[in-house]
Amino acid sequence: SSLESRTSCHERGIQPNASMTDRVAVIGAGPIGLYAAFRLVQAGHRVVIWEKGSIGANVEAWGHVTLFSAMALNLPDDCRKALEAGLEGAPPRCVPSKDAFLTGSEFRRDVLLPLASYLQATGRCTIEEHCSVVGLARGHLLKKEGIGAVGDSRRETLPFRALLRRNDDEAWEEALAVVDCSGTYAPETAQRSGSGGLSAPGETKAEALGLVSRVIPSPGSFKGKRVAVLGGGFSAITTIRKLADENVEVVWLVRKAESEAPYQRVEEDPLPQRDALAAYGNGLASLGTSGSLKCIRGARIQRIDVLNNSLKLTLTNATVVEAD
């Protein structure tokens, strides 16, 4: 390839492989990664998708939750038409209607997995599951090399080099370009409950014992327990609504003071389900206590202690909250 002619194998430290250096790599086989790969394939590129788990695994993690956006916002028209038309190795699909609201599991089953099959059937896209990207570099260059120097165009001509981990094996591979669609949220990288998003003292121990969860719980998983929910996002209020439907005792810890509504509603919100969640959350917070729910405003966690396989949450104002 042209890239091979611009830099020597000796400089780059690995054997030339044109099949690697003329492809585009996409990190992540979720909704964004798969659609990015679709557009790249349509534009004539060869594509490899590196996925650390399985296709749509993060979506499946909240598979019981219904999306608050309709399919029209989750599947672009060109992608829909391709799936409906099909091709050899990927038969035509009956795609959910544009006004359908799917659960995460339905979205993965009816959209993401068929799209992945379609991409592979084109012969221009390879999906590697259980393949983690450990690090990325620009060819053989170190961090400060090839940046800012007049006439130094090495970063424009060298391919990307990725260190990939598959099971216990690691290897370098190259790509002409890299599109990072790894997502913005993962339980292991989510902010913690303490000041500044750090772990509160004792939180790591509680999490290791399985007493702290960072995903929307599956139905029935907290039956008969007293649950503390920390946060003022839509995952928090979705969790609270589901727990309320199961009559689970909930203590909702909201960082915002009583003078602020937890949720800022959007006038004429184009996503009515989102607005309904915001209204529900603001209503619960204004009540303070409602049935099996208690809301504590201005709540900031000072420390977390484990006592007899239960949690004792001490807030910065010395309030103590007990939970299972």
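Structure: see above.
As the structure is a prediction and not an experimental result, all values here were calculated from the model. (Residues numbered from 1 in each chain as written. Predicted model: local features only at pLDDT ≥ 70, side-chain atom pairs only at ≥ 80, totals over all residues. Heavy atoms only, no water.)

(A) Inspection of the overall build of the protein chain at higher detail. Helices and strands together make up the secondary structure of the protein chain, namely 11 helices and 14 strands. Expressed along its principal axes, the backbone C-alpha trace of the protein chain runs to roughly 70 × 45 × 40 Å. Evaluated residue by residue, the protein chain yields a buried proportion of 40% over its 324 residues. In the protein chain, the share of contacts with a sequence separation of at least 24, taken over all contacts with a separation of at least 6, comes to 61%. Put simply, the protein chain shows about 17600 Å² of open surface, and 51% of that area lies on carbon and sulfur atoms. When the 38 basic and 38 acidic side-chain charges of the protein chain are each reduced to a single mean position, those positions are 3 Å apart. (Helix = DSSP H or I, 4+ residues; strand = E, 2+ residues; numbered from the N terminus. Buried < 20%, exposed > 50% of the residue type's maximum accessible area, 1.4 Å probe, protein only. Contact = heavy atoms within 4.5 Å. Areas by Shrake-Rupley, 256 points an atom, 1.4 Å probe, with all protein chains shown as cover. Lys, Arg positive; Asp, Glu negative; His and termini not counted. Charge placed at Lys NZ, Arg CZ, Asp CG, Glu CD.)

(B) Expanded view of helix 7 (residues 104-121). The first and last C-alpha atoms of helix 7 sit 24 Å apart over 18 residues, in line with the 26 Å expected at 1.5 Å per residue. Residues of helix 7 that are buried: G104, F107, R108, D110, V111, L112, P114, L115, A116, Y118 and L119. Buried residues belonging to helix 7 abut helix 4 (31-42), strand 2 (46-50), helix 5 (57-61), helix 6 (77-85) and strand 3 (125-128). Within two residues after helix 7, G123 carries a phi angle of roughly 80°, on the positive side. (Expected span 1.5 Å × (residues − 1).)

(C) Expanded view of the side chain of S193. Along the chain, S193 turns up in the loop between strand 7 (177-180) and helix 9 (203-208). In this structure the side chain of S193 is engaged in a polar contact, spanning 2.7 Å, whose partner is the side chain of E203. Beyond its immediate sequence surroundings of up to four residues, S193 is in contact with L198, A200, E203, L230, R255, I301 and I304. (Polar contact = N/O pair within 3.5 Å; in protein donor to acceptor, adjacent residues only side chain to side chain.)

(D) Seen up close, the sheet that holds strand 5 (residues 160-166). Taken in spatial order, the three strands line up as 4-5-6 in an open sheet, and their pairing is antiparallel. Sheet topology places strand 4 (131-138) and strand 6 (169-175) at the edges, where each strand pairs with a single neighbour. For this sheet the average axis-to-axis angle between neighbouring strands, irrespective of direction, equals 25°. Where strand 5 meets strand 6, seven bridges bridge the pair, whose relative direction is antiparallel. (Pairing = 2+ DSSP bridges. Axes fitted to C-alpha atoms, helices over the stretch in contact; angles between N-to-C directions.)

(E) Molecular detail of helix 10 (residues 234-245). Compared with the 16 Å implied by 1.5 Å per residue over 12 residues, the 17 Å span of helix 10 between its first and last C-alpha is a close match. Turning to helix 10, its buried residues number three or more, namely A236, I237, T238, T239, I240 and L243. Buried residues along helix 10 sit in contact with strand 8 (226-230), strand 9 (249-254), helix 11 (272-287) and strand 11 (293-297). Positive phi shows up at N247, right after helix 10, with a value of about 60°.

(F) Up close: the environment of T103. With respect to the helices and strands, T103 occurs in the loop between helix 6 and helix 7. For the pair T103 and L67, spaced 36 residues apart in the sequence, the C-alpha separation amounts to 5.8 Å. With sequence-adjacent residues up to four places away left out, T103 is seen in contact with G63, H64, V65 and T66. Here G63 takes part through its backbone oxygen, which lies 3.4 Å from a polar atom of the side chain of T103.

Distances and angles like these do not, on their own, reveal function.
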